[in-house]
Amino acid sequence: MSNSRIPGRNFLFVPGPTNIPDRILRAMHVVSEDHRSPKFPELTLPLFTQLKKVFKTESGQAFIFPASGTGGWEAAITNTLSPGDKVIAQRFGQFTHLWIDLAKRIGLDVIEQDEEWGVGNNAERIEETLKADKNHEIKAVFATHNETATGVTSDIGAVRKAIDNAKHPAMLFVDGVSSVGSLDFKQDEWGVDVAVSGSQKGFMLPAGLAIMSVSQKALQAGETAKLHRAYFDFQDHIKANATGYFPYTPALPLLYGLRESLNVLFEEGLDQVYARHHHLAEGVRAAVAAWGLKPCAKEAKWNSDTVTAIVVPEGFDAAKVIEIAYKRYNLALGAGLNKVAGKVFRIGHLGDLNELMLLGAIAGAEMAMLDVGIPVTAGSGVAAAQAVYRANPLLQV
Ligand code: PLP
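Residues numbered from 1 in each chain as written. Predicted model: local features only at pLDDT ≥ 70, side-chain atom pairs only at ≥ 80, totals over all residues. Heavy atoms only, no water.

**Q** It is not clear to me how the packing of aromatic side chains should be interpreted in this structure. Could you clarify?
**A** Centre-to-centre distance and the angle between the planes together describe a pair of aromatic rings. The tally for this structure, following the rule as stated, stands at 14 aromatic pairs. Seen in terms of ring centroids, Tyr231 and Phe232 are 5.2 Å apart; in terms of plane orientation they differ by 75°. Their pairing is edge-to-face. With a relative accessible area of 13%, Phe232 lands in the buried category. Members of the aromatic cluster, joined through ring pairs, are Phe63, Phe65, Tyr231, Phe232, Phe234 and Tyr248. The aromatic ring of Phe266 is capped on one face by Lys53, whose charged end is 5.7 Å from the ring centroid. (Phe/Tyr/Trp six-rings, centres within 6.5 Å; stacked < 30°, edge-to-face > 60°. Buried < 20%, exposed > 50% of the residue type's maximum accessible area, 1.4 Å probe, protein only. Lys NZ or Arg CZ within 6 Å of the ring centre and 35° of its normal.)

Structure follows, in structure tokens:
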């Protein structure tokens, strides 16, 4: 069959960008308007208040930058630290790796701690390192709530405890790019000083906004921080945002989209959003087990509810599975990155999704694996996920 045009929607199952609900697409379909008009703050001011609820912070300051998550990493660093400052960062996947790389290029002295790809932040090791730092030279700990490359969720509460146990004043920076809005994020409870997210994952928007929440402690650190900052200067934003404006032209349609995204999240209810992500993820994990395969996450405690990286058997190329899924079945699966390239394919299960959508992705992944010769039993993953979804359906009637 020629596949010059595959009818129907593309099945988008990469772990970001995620599906954009039609109502959010419609909300972004707006004419241009004056971002300095007296009316503009009616749109913007509630966004900051609502975002604080998503980050679960009372005292934090929310920021919306026209950037992707990577810009948020940079903003976190340049607004709070000085050249040569020491920070701890653990590498256990492509995104932890990239954050380290960015921090070094900006001029930080990064204490790099390599962990196995498939585990998350090692709180004990952080505690030991901080305890050994008697002069408090370490200024920040970088943690990654959800490592998207390996499908691993870290225990940020445990990282907080490690810092407290060491009685160390280091700030805690958390990458929540693939968790905020999909997994419970507790900024105040965890004492997170800078939380970084992006618009294209749990917020169900296109890429283009770096969404952040910053503690008062981190804002204070900014008063003496010497790294250069201009475009991402927190203070410029605080000043303008206070009255509902931005220091430069904001990405207007994305702000309308964000308003609708927050409506969508709050209408479902954040707790239900998190429960749904867990439920959908359980179905995917049941499918992986039924295929006789393993997730990249080394132990159940690391399992991510937003993305599962599935390890293909030795001798098979995961990139081939992804290619066939895309070309033959119009299904976009996430690629294996860096160390796990060719070894894993990923099913993103975050954002605007339900059970049948997931079953479609599982069926497509199963067909693509069979097509490349991976010996899974046809229908086994779908049946296992169906059993999970039928046992406790999302919509109880
Ligand atoms: N951090 C994590 C955990 C990510 O998954 C990503 C992107 O997928 C990033 C950071 C980088 O974000 P962006 O691609 O929006 O710059």
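**Q** Help me out: how do you make sense of helix 2 (residues 40-55) in this one?
**A** Each full turn of the α-helix corresponds to 3.6 residues, which orients residues three or four apart in the same direction. The terminal C-alpha atoms of helix 2 lie 24 Å apart, and with 16 residues this matches the ideal 22 Å at 1.5 Å per residue to within 8%. Within helix 2, burial applies to Phe40, Pro41, Leu43, Thr44, Leu47, Phe48, Leu51, Val54 and Phe55. Just beyond helix 2, the residue with positive phi is Lys56, at close to 55°. (Helix = DSSP H or I, 4+ residues; strand = E, 2+ residues; numbered from the N terminus. Expected span 1.5 Å × (residues − 1).)

**Q** Just checking my understanding: could you explain the layout of surface pockets for this structure?
**A** In this approach, a probe sized like a water molecule rolls over the atoms, and the result shows the empty space that is left. Volume-wise, the largest pocket comes out at about 610 Å³. What lines the largest pocket is a set of 25 residues, among which Asn19, Asp352, Leu353, Asn354 and Met357 lie closest to the centre. Broken down by secondary-structure element, the contributors of at least two residues to the lining of the largest pocket are strand 1 (11-13), helix 1 (22-28), helix 10 (252-268), helix 11 (270-290) and helix 13 (355-371). In terms of residue class, the lining of the largest pocket is built from 14 nonpolar, 5 polar and 6 charged. Taken as a whole, the second largest pocket encloses approximately 290 Å³ of empty space. Mapped onto the lining of the second largest pocket, the elements with two or more residues apiece are helix 3 (69-78) and helix 4 (94-106). Among the elements that make up the lining of the second largest pocket, the one with the highest residue count is helix 3 (3 residues). A class-by-class count of the residues in the lining of the second largest pocket yields 7 nonpolar, 9 polar and 3 charged. (1 Å grid on protein atoms, 1.4 Å probe; cavity = no way out; pocket = protein on both sides within 12 Å on 5 of 7 lines; lining within 4 Å. Points joined across faces, edges and corners; volume = space filled by probe spheres on them. Nonpolar A, V, L, I, M, F, W, Y, C, P; charged D, E, K, R; others polar.)

**Q** What am I meant to see in the packing of helix 13 against helix 14 (residues 380-391) here?
**A** Two measures define how a pair of helices packs: the angle their axes make with one another and the distance between the axes. Close contact between helix 13 and helix 14 brings their axes to 8 Å; oriented N to C, the two are set at 160°. By the angle between their directions, the pair helix 13 and helix 14 is classed as roughly antiparallel. Helix 13 and helix 14 meet at a crossing whose hand is right-handed. Residue-level inspection shows Glu355, Leu358, Leu359, Ile362, Ala363 and Glu366 of helix 13 in contact with helix 14, the latter providing Ser380, Gly381, Val382, Ala385, Gln386 and Tyr389. Tallied by class, residues from the contact of helix 13 with helix 14 come to 7 nonpolar, 3 polar and 2 charged. (Axes fitted to C-alpha atoms, helices over the stretch in contact; angles between N-to-C directions. Parallel < 35°, antiparallel > 145°, perpendicular 65-115°, else oblique. Left-handed = near helix turned anticlockwise from the far one by under 90°. Contact = heavy atoms within 4.5 Å.)

**Q** Would you explain the site of the ligand in this entry?
**A** Around the ligand lies a shell formed by Ser68, Gly69, Thr70, Trp73, Phe95, Asn146, Thr148, Asp175, Val177, Ser178, Gln200 and Lys201. Take Gln200: an N or O atom from its side chain is 2.7 Å from an oxygen atom of the ligand. A majority-of-atoms criterion places the ligand in the second largest pocket. Looking at which element gives the most residues to the shell around the ligand, the answer is helix 3, with 3 residues. Per-class residue counts for the shell around the ligand are 3 nonpolar, 7 polar and 2 charged. (Near = heavy atom within 4 Å. Polar contact = N/O pair within 3.5 Å; in protein donor to acceptor, adjacent residues only side chain to side chain. Sits in = over half its atoms within 2 Å of the grid points.)

**Q** Honestly, helix 11 in this entry has me stumped. Any pointers?
**A** Look at helix 11: 30 Å from first C-alpha to last across 21 residues, which is about the 30 Å you get at 1.5 Å a residue. Two residues or fewer after helix 11 comes Gly292, characterised by a positive phi angle close to 80°.

**Q** How should I be thinking about the environment of Asn165 in this particular structure?
**A** Secondary-structure assignment places Asn165 in helix 6 (residues 156-165). Note on Asn165: relative accessible area 41%, which makes it partly exposed. Residues Asn165 and Phe345, 180 residues apart in the sequence, show an inter-C-alpha distance of 38 Å. In this structure Asn165 touches Glu127 and Lys131, once residues within four positions along its chain are discounted. Among the polar contacts listed, one links the side chain of Asn165 to the side chain of Glu127, at a separation of 3.2 Å.

**Q** Teacher, can you tell me more about the pairing of strand 10 (residues 209-214) here?
**A** Each regular strand displays side chains that alternate between the two surfaces of the sheet. Among the 6 residues that make up strand 10, 6 are buried, leaving the element largely enclosed by the rest of the structure. Burial along strand 10 is two-sided: Leu209, Ile211 and Ser213 and Ala210, Met212 and Val214, pointing in opposite directions, are all buried. Pairing of strand 2 (residues 61-66) with strand 10, which is carried by 6 bridges, proceeds in the antiparallel orientation. Bridging across to strand 10, Phe65 finds its partner in Ala210. With 5 bridges connecting them, strand 9 (residues 194-198) and strand 10 associate as antiparallel partners. (Pairing = 2+ DSSP bridges.)

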